[in-house]
Amino acid sequence: MDIFLQTTINGLMIGGVYALVAVGLTLIFGVMGIVNFAQGEFVMLGMYASWMLATYLKVGPYPGLLPVGLIMLAVGYIVFRTLIARVVGKPDEVAILLTLGLSIFLQNVILVIYGADYLTVQTTIKDAALNFAGLSLPLARVVAFVVALIFVGLLSYMLAKTDLGRAMRACAENRNIATLLGINPKFIFTLAFAIGIVMAGLAGVLLTPMFYVYPGIGTLFNLTAFVVVVLGGMGSVPGALLGGLIIGILESLTGTYVALDLAPIGTWLVFLLVLFLRPSGLFGRRVN
Amino acid sequence: MRGKQWKLFSVILVLVFAASMFAGCGGGDKKAEPQKVTEVKIAFMNPLSGSNVDAGQQDLNAAELAVEDINNAGGIKALGGAKIKLVVVDTTSDPKQAASVAERTFSSEKVAGMVGTGISGLTLPILPVAEKAKVPLITNSINDQITAQGYKYTFQVTPKGSQFGGTQVEFLKFLNEKFKLGITKVAVVYENSGYGVSTAAGVKDIAAKAGLDMVLYEAYPHGFTDASPLVTKIKASGAQALFPVAYTTDAKLIINTMKSMNVNPVIIGGGAGFLWPAFAKEMGDAVNGFVSVASWNWDSKSITANKDLVAVTERYEKKFGTFMTEHAGPTYVAVRLIAEAIEKAGSADPTKVRDALASFNSNTGMAAMMQPGTTKFDEKGWNSPVHPVMIQWQDGKPRTVFPAEDSTRAFEFKK
Amino acid sequence: MKKDVKKYLLTAVAAVLLLAFPLLVDNLYIQHSFFMIFLFATIGLGWNLIGGYGAQLSLGHAAFFAVGAYTAVLFVIYQSLTPLIGGLVGVVIAVAVAGLIGYPCFRLRGPYFTLATIAAGEIVRTLLLHFQDFTGGANGIPLPYKGDNFLFLQFSSKAPYYYLALAMFVVVFFLVRYLEHAKMGRYLAAIREDQDAAESLGVQTHKVKMFALLISAAITAACGVLYAFSVSFIDPDSVAGLNLSIEIAVVVIVGGIGTLWGPVIGSVVVIFLTEMTNLYLGDIRSGASLVLYGLLLILVISIRPQGLSSFFRRN
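Residues numbered from 1 in each chain as written. Chains lettered and ligands numbered in written order. Predicted model: local features only at pLDDT ≥ 70, side-chain atom pairs only at ≥ 80, totals over all residues. Heavy atoms only, no water.

**Concerning the interface of chain A and chain B**
Just so we agree on the cut-off: In this analysis, two residues are considered to be in contact whenever any of their non-hydrogen atoms come within 4.5 Å of each other. Defined in terms of a 1.4 Å probe, buried area is the accessible area two parts forfeit on being brought together, summed over both. For this analysis, a salt bridge means a side-chain nitrogen from Lys or Arg found within 4 Å of a carboxyl oxygen belonging to Asp or Glu. Counted as a polar contact is a pair of N or O atoms within 3.5 Å, where, for protein atoms, one must be capable of donating a hydrogen and the other of accepting one, and residues adjacent in sequence contribute only when both atoms are in side chains. Put simply, DSSP marks the helices as runs of H or I at least four residues long and the strands as runs of E at least two long, and each gets a number from the N terminus on. Under the convention adopted here, Pro, Cys and the residues Ala, Val, Leu, Ile, Met, Phe, Trp and Tyr are nonpolar, Asp, Glu, Lys and Arg are charged, and Gly plus all remaining residues are polar.
In this complex, chain A contributes 35 residues to the contact, which on the side of chain B involves 34 residues. Buried surface at the junction of chain A and chain B, summed over both partners, amounts to about 2,700 Å²; 54% is from carbon and sulfur atoms. Linking chain A with chain B are zero salt bridges, by the criterion used here. For the interface between chain A and chain B, the tally reads one residue pair in polar contact (both at pLDDT 80 or more). Of all the elements, helix H1 (residues 2-32) of chain A adds the most residues to the side of chain A that touches chain B, at six residues. Its residues placed into classes, the side of chain A that touches chain B shows 19 nonpolar, eleven polar and five charged.

**Some remarks on the nonpolar core**
We count it as follows: Residues belong to one nonpolar core when they are buried, are Ala, Val, Leu, Ile, Met, Phe, Trp, Tyr or Cys, and are joined through side-chain atoms within 4.5 Å. Burial classes: relative accessible area under 20% of the type maximum marks a residue as buried, over 50% as exposed, and values in between as partly exposed (1.4 Å probe, protein chains only). Source of the domain bounds: an automatic or database domain assignment.
Within the largest apolar cluster, 352 residues are counted, with the highest numbers of intra-cluster contacts made by Phe42(A) and Met369(B). Looking at which domains feed residues into this core, each of domain 1 (39-159 + 302-384) and domain 2 (162-294 + 390-402) of chain B gives three or more. Those residues in contact with Met369(B) that lie beyond four places of it in its chain are Trp296(B), Ser302(B), Ile303(B), Leu309(B), Val312(B), Met324(B), Tyr332(B) and Val333(B). Listed in part, the five residues of the second largest apolar core include Met13(A), Leu137(A), Val142(A) and Phe145(A).

**Brief notes about the environment of Val203(B)**
All names here are of chain B. Along the chain, the position of Val-203 falls in helix H6 (residues 194-209). What makes Val-203 buried here is its relative accessible area of 0%. The sequence separation of Val-203 and Phe-243 amounts to 40 residues, and the corresponding C-alpha distance is 8.1 Å. The contact partners of Val-203, leaving out residues within four places of it in the chain, are Gly-165, Gln-168, Val-169, Val-188, Met-214 and Phe-243.

**A few points about the packing of helix H3 (residues 95-108) of chain B against helix H2 (residues 28-53) of chain C**
Formally: Each axis is a line fitted through C-alpha atoms, taken for helices only over the stretch in contact, and angles between the N-to-C directions span 0 to 180 degrees.
With their axes 7 Å apart at the nearest point, H3(B) and H2(C) run at an angle of 145 degrees to one another. For the pair H3(B) and H2(C), the contacting residues are Ser100(B), Glu103(B), Arg104(B) and Ser107(B) in the first and Leu28(C), Tyr29(C) and His32(C) in the second. Its residues assigned to classes, the contact of H3(B) with H2(C) shows two nonpolar, three polar and two charged.

**Quick notes on the pairing of strand S7 (residues 213-220) of chain B**
All names here are of chain B. Basically, it comes down to this: One requirement defines pairing of two strands: DSSP has to find at least two bridges between them. Crossover handedness is defined here as right-handed if the route from the first strand over the helix to the second strand goes clockwise, with the strands pointing away from the viewer.
Inspection of the sheet shows strand S6 (residues 185-191) paired to S7 by seven bridges, in the parallel sense. Within the sheet, the bridge partner assigned to Ala-187 lies in S7 and is Leu-216. Handedness of the crossover joining S6 and S7 through H6: right-handed.

**Structural notes on the interface of chain A and chain C**
Facing 42 residues of chain A, the contacting portion of chain C comprises 42 residues. Interface area, chain A with chain C, both sides summed: about 3,900 Å², of which 79% is carbon and sulfur. Contact with chain C buries area across many residues of chain A, yet Glu93(A), Leu97(A) and Phe276(A) alone supply 17% of it, more than any other trio. Across the contact surface, chain A and chain C share zero salt bridges. There are zero residue pairs in polar contact (both at pLDDT 80 or more) connecting chain A and chain C. Looking at the side of chain A that touches chain C, the elements with two or more residues in it are helix H3 (65-87), helix H4 (92-114), helix H9 (217-232) and helix H11 (263-277) of chain A. Class assignment of the residues belonging to the side of chain A that touches chain C gives a composition of 32 nonpolar, five polar and five charged.

**Some thoughts on the packing of helix H12 (residues 328-345) of chain B against helix H13 (residues 350-358) of chain B**
Residue and element names in this part refer to chain B. Where we set the bar: Here roughly perpendicular refers to angles of 65 to 115 degrees, roughly parallel to angles under 35, roughly antiparallel to angles over 145, and oblique to all remaining angles.
Viewed as axis vectors pointing N to C, H12 and H13 meet at an angle of 105 degrees, and their least axial separation amounts to 8 Å. The orientation of H12 relative to H13 falls into the category roughly perpendicular. Facing Leu-337, Ile-338, Ala-341, Ile-342, Lys-344 and Ala-345 of H12, the residues of H13 in contact are Lys-352, Val-353, Ala-356 and Leu-357. Classifying every residue of the contact of H12 with H13 gives eight nonpolar, no polar and two charged.

**Considerations on the pairing of S6(B)**
Residue and element names in this part refer to chain B. With six of seven residues buried, S6 is to be regarded as a mostly interior element. Looking at chain direction, S6 and strand S8 (residues 241-245) are connected through five bridges and run parallel. When the sheet's bridge partners are listed, Tyr-190 is paired in S8 with Val-245.

**Remarks on the domain arrangement of chain B**
Residue and element names in this part refer to chain B. Structurally, chain B comprises domain 1 (39-159 + 302-384) and domain 2 (162-294 + 390-402). For domain 1 and domain 2, the distance between their C-alpha centroids amounts to 29 Å. If you look at the interface, domain 1 gives 17 residues, while domain 2 gives 20 residues. The tally of links between domain 1 and domain 2 comes to one salt bridge. One salt bridge connects Lys-397 with Glu-317, and the closest N-O pair in it is separated by 3.1 Å. The tally of links between domain 1 and domain 2 comes to two residue pairs in polar contact (both at pLDDT 80 or more). If one sorts the elements of the side of domain 1 that touches domain 2 by residue count, helix H2 (residues 53-72) sits on top with three residues.

**Remarks on a nonpolar patch on the surface**
All names here are of chain C. The criterion, for reference: Residues enter a patch when their relative accessible area is above 30% and they make no salt bridge; the linking distance is 9 Å between like charges and 5 Å between nonpolar side chains (Val, Leu, Ile, Met, Phe, Trp, Tyr). Here the accessible surface of atoms and residues is derived via Shrake-Rupley with a 1.4 Å probe, and residues count as covered only by protein chains that are part of the display.
Where nonpolar side chains cluster on the molecular surface, the patch consists of Ile-77, Tyr-78, Leu-127, Phe-131 and Phe-134 and spans about 480 Å² of accessible area. For Ile-77, the location among the structural elements is in helix H3 (residues 62-79). Relative accessible area serves as the criterion here: at 37%, Ile-77 is assigned to the partly exposed category.

**Focus on the sheet that holds strand S3 (residues 113-115) of chain B**
All names here are of chain B. Strand order in the open sheet made by the five strands is S2-S1-S3-S4-S5, with parallel pairing throughout. What marks the edges here is a single partner per strand, and that holds for strand S2 (83-90) and strand S5 (154-156). Averaged over all adjacent pairs, the angle separating strand axes in this sheet is 25 degrees, with direction ignored. Pairing geometry for strand S4 (residues 137-139) and S5, over three bridges, is parallel. Among the inter-strand pairings, Thr-139 is bridged to a residue of S5, identified as Gln-156. Taken strand by strand, helix H4 (residues 120-133) contacts strand S1 (39-46), S3, S4 and S5, and its axis lies near 165 degrees from that of S4.

**A word on the packing of aromatic side chains**
Selection rule: Classification of ring pairs rests on two measures: the distance between centres of Phe, Tyr or Trp rings, Trp counted by its six-membered ring, which must be within 6.5 Å, and the angle between planes, read as stacked under 30 degrees, edge-to-face over 60 and tilted in between. For a ring to carry a charge above it, either NZ of a lysine or CZ of an arginine must fall within 6 Å of the ring centroid while also lying within 35 degrees of the normal to the ring plane.
Evaluation of the coordinates by the stated rule reveals 30 aromatic pairs over all chains. Pairing Phe171(B) with Phe174(B) gives two aromatic rings, centres 5.7 Å apart and planes at 35 degrees, and the pair type is tilted. Here Phe171(B) and its partner Phe174(B) are both found in helix H5 (residues 161-179), three residues apart, which amounts to about one turn of the helix. Look at Phe171(B) and you get buried, because its relative accessible area is 0%. Aromatic side chains Phe179(B) and Phe411(B) sit 5.7 Å apart centroid to centroid with 65 degrees between the ring planes, which places their arrangement in the edge-to-face category. Taken together, the residues span a long stretch of sequence, with Phe179(B) in helix H5 and Phe411(B) in the segment after strand S14 (397-402) at a distance of 232 residues. In this structure an aromatic cluster arises from ring pairing among Phe38(C), Tyr162(C), Tyr163(C), Phe169(C), Phe173(C), Phe174(C) and Trp261(C). The lysine or arginine in question, Lys160(B), covers the ring of Trp382(B), its NZ or CZ lying 4.4 Å from the ring centre. Directly above the ring of Tyr217(B) sits Lys204(B), whose terminal nitrogen or CZ lies 4.5 Å from the centroid.

**Looking at the side chain of Thr117(C)**
Residues and elements named next belong to chain C. Among the structural elements, Thr-117 can be located in helix H5 (residues 110-130). In this structure the side chain of Thr-117 is engaged in a polar contact, spanning 2.9 Å, whose partner is the backbone nitrogen of Leu-59. Look past the residues within four positions of Thr-117 in its chain and what remains in contact with it is Leu-57, Ser-58, Leu-59 and Gly-60.

**Let's talk about the sheet that holds strand S10 (residues 291-294) of chain B**
All names here are of chain B. Strand order in the open sheet made by the seven strands is S7-S6-S8-S9-S10-S13-S14, with mixed pairing throughout. Looking along the sheet, the strands with just one partner apiece sit at the ends: S7 and S14. The sheet shows a mean angle of 25 degrees between the axes of neighbouring strands, taken without regard to direction.

**Regarding the environment of Thr154(B)**
Residue and element names in this part refer to chain B. Turning to its location among the elements, Thr-154 is positioned in strand S5. Look at Thr-154 and you get buried, because its relative accessible area is 2%. For Thr-154 and Gly-196, which are 42 residues apart along the polypeptide, the C-alpha to C-alpha distance reads 22 Å. Not counting residues within four places of it along the chain, the set of residues in contact with Thr-154 comprises Leu-127, Glu-131, Leu-137, Ile-146, Lys-380 and Gly-381.

**Side note on the environment of Glu131(B)**
As for its placement among the helices and strands, Glu131(B) is situated in helix H4. Along the primary structure Glu131(B) and Tyr153(B) are separated by 22 residues, whereas in three dimensions their C-alpha atoms are 5.7 Å apart. Beyond its immediate sequence surroundings of up to four residues, Glu131(B) is in contact with Tyr151(B), Lys152(B), Tyr153(B), Thr154(B) and Tyr145(C). A polar contact is formed between the side chain of Glu131(B) and the backbone nitrogen of Tyr153(B), at a distance of 3.0 Å.

**Points about the pattern of salt bridges**
Following the criterion strictly, the structure yields 14 salt bridges over all chains and no others. Linking Lys319(B) and Glu68(B) is a salt bridge whose minimum nitrogen-to-oxygen distance equals 2.3 Å. With Lys319(B) in helix H11 (residues 307-320) and Glu68(B) in helix H2, the pair connects residues that are 251 residues apart, well separated along the chain. The salt bridge partner of Glu218(B) is Lys233(B), with a shortest N-O separation of 2.8 Å. Of the two residues, Glu218(B) is situated in strand S7 and Lys233(B) in helix H7 (residues 228-237); the sequence distance between them amounts to 15 residues. You can call Glu218(B) buried: its relative accessible area is 8%. With a relative accessible area of 11%, Lys233(B) lands in the buried category. Salt bridges here are not isolated pairs; linked through shared partners, they connect Glu122(C), Arg125(C) and Asp237(C).

Put into structure tokens, the structure is as follows:
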């Protein structure tokens, strides 16, 4: 029972971070129909930004959340305006290929600039853990989990209760009517995309105490984010949250009880099952 | 067939042909033998990008130092003082690319020999390429299959992965005897890569023969994000000793997670990530006390007994800012060995160099740099006298503590 | 008339050049590059059947490549069986796997199908890694050196591999050309335009797509076999990795998805560009060639999204 509880909690905590990465992905898809294959790379960029701040300005990861968030906002804006805006409204595969190219491009530009060295961001809480009731919770993971949930919560609140959020949901439902209602879709899309990127970047910051920073680290989270989004339903923020937690736990359980190197298969099988049985996911809109 | 596309294609085809003719010519005339040799090229192939750049950079440092040392001492005397030139090639961390890159290098450069790679998964695809191109190579990768394929141009200067397990288990037996630890339950966790699988299998084999109880034998995917499931399993297995086989990223993750989850078996590292400067940088003072198996260490007896060899390690440390690493040592030796083979053969012809290497047998000079002090390539191309050593981090550096014939420091028991 | 003569003359010249190529260019590396160009052109032609004509973007084709490669190699290692038979078995297994994947996956549209193919590819790769006692796992499998031995597809020079790749390319090229104009091609075109309309007109869309996928898988697997023996070493990451699947798709897309010459042009451009970049920029910093690669993909998609979107369907 002890092991089961520990495994589940391990999974839950990393699931929180998966949720944060996925939430950005699902927002982007929900509002403008773009499948962003480079989401993981923006997590990586967030990590590099965090590292830069820590190394040159001596700003630790957690205080760095705000500046990195702002940086990613700018990055998201630029990327949207130069690339993504062109393919909104085009068939999904176009966006997949474009963002795939972006993903390869970003990974390797960072490689050329920074080299492939594994970088670290030092924090004081790195090795600390909360130990109680036979369980062990690494502090960095707990903080990541809590902060991730806070951001997801803020985003949900924004979408549900603010005018901006309502405008986003309107665009997601039906762009033409939204325009008639006086909403500027281009502005909404830009903002939604930027926010999605910010979420990825923030997740990156939260991850730096736990992982080395290197150009390829984005790929680890990319695929998981997609699985989470499909499970939760493309376009649903609560879905991304729940999906993230479920996938985190599932991965952890498969790893412990089946075999560690088969852990990804558990995730993929669930993913395929969801795709075949209920492609709209837990909370998504019905897909024909 | 649409006319426009066909035209486009034929234009491209012609262009490509033209370019390849150009590249083929520009690469240097391989057939002609120059009258006076002023320079002999040695190819250096290692990953200088991607996930294995850590190791590749160490190899490069060592190779550059070796070339410097050779040239400063007068170059290749048998060829009138010809200088060695290193042709540095990045294999990338992708085996497909590595083979391609090797192809390209051998086709465009006239080299007397090649050094590399330090990563088994990248060395294996290059072997057939070197064999076809008839270029002798000396590698510091540890995979057993390297010298098992029947290639005549392949030489391996380091211990084999299967030996690592033996050394680690012997060391555990030594610990058990000396400190009365009574360890019987052991666990192996290893990265799912060429190096990991090879080393882990070696441990499993020997542990069984030594009568130890293997309570966990688990592969984990390289670059995994979360070590908690792995550590949970380690805890659940009740292992008293752990043999982790990991590169830098994962080593850090596993150790930190174990620390924070309060799982503390005796750790006997499997090399790679547990030996490199990044590990010490990462762990700070906490690194002291960690042990690991290694294919080479800078302070083994065969080196400390020879002041010229000690000088090499000191030069490395001065030039690159860290102790001479497990990758750097054998690569340095490899470059020096090729130079010696060229010297012995009196020629930069790769086939003659290969023959000189095949008959190499020495315990002086550079040959003594590989522990226990003799270098001799057997008929399969493997340096048969060599064996791994155990190191323990002390004062921020890895010190050789086992076996007795190589150790220069005593193992310090911590707890 | 004149146009025809010109066309035949060009064809003849090209054929002679291609056949005499290894004799003209002694350089091992360039021979290897051309081998890869024809290999990828062939795989691309196969991929195009389902990805271009069928408009279902697959990013899991490495799975078929790996099945072909591993089956042939394992038969050599365990049974000393010639890859001429072992490879055939590999192709059959790949086709079976394709059927297994295709049957449920074709119910999915657009990005969901793509994601499912990624999952399929990754599952194959993970399984290859896991069953290491059998497949060698991450260690990979090196092929024992047998010198010149046609039965084991081993040659001491590159030229025979080049000719095999060229031969395969020619065969597949004419096969695809035939299919393009045959009923199959027209059905696929109809499905690509509007799958629902095609259904209502009586086209058995599932059967047609499945057929395209099966042939595609067979071609890819055969190429996997040839590749494995030309490099004498395979491991899960290099033959079953997502990067390979992406590379296959990129080659076709850059060249022109859904067209006969697309994969060929794409293969020449992508491989040529990559190798040239490595050759001249490789010393500066590696990754330069991949930056170009990503940029190429971005540019092609950005500048000609209209051209591409007419082959896809919005679901």
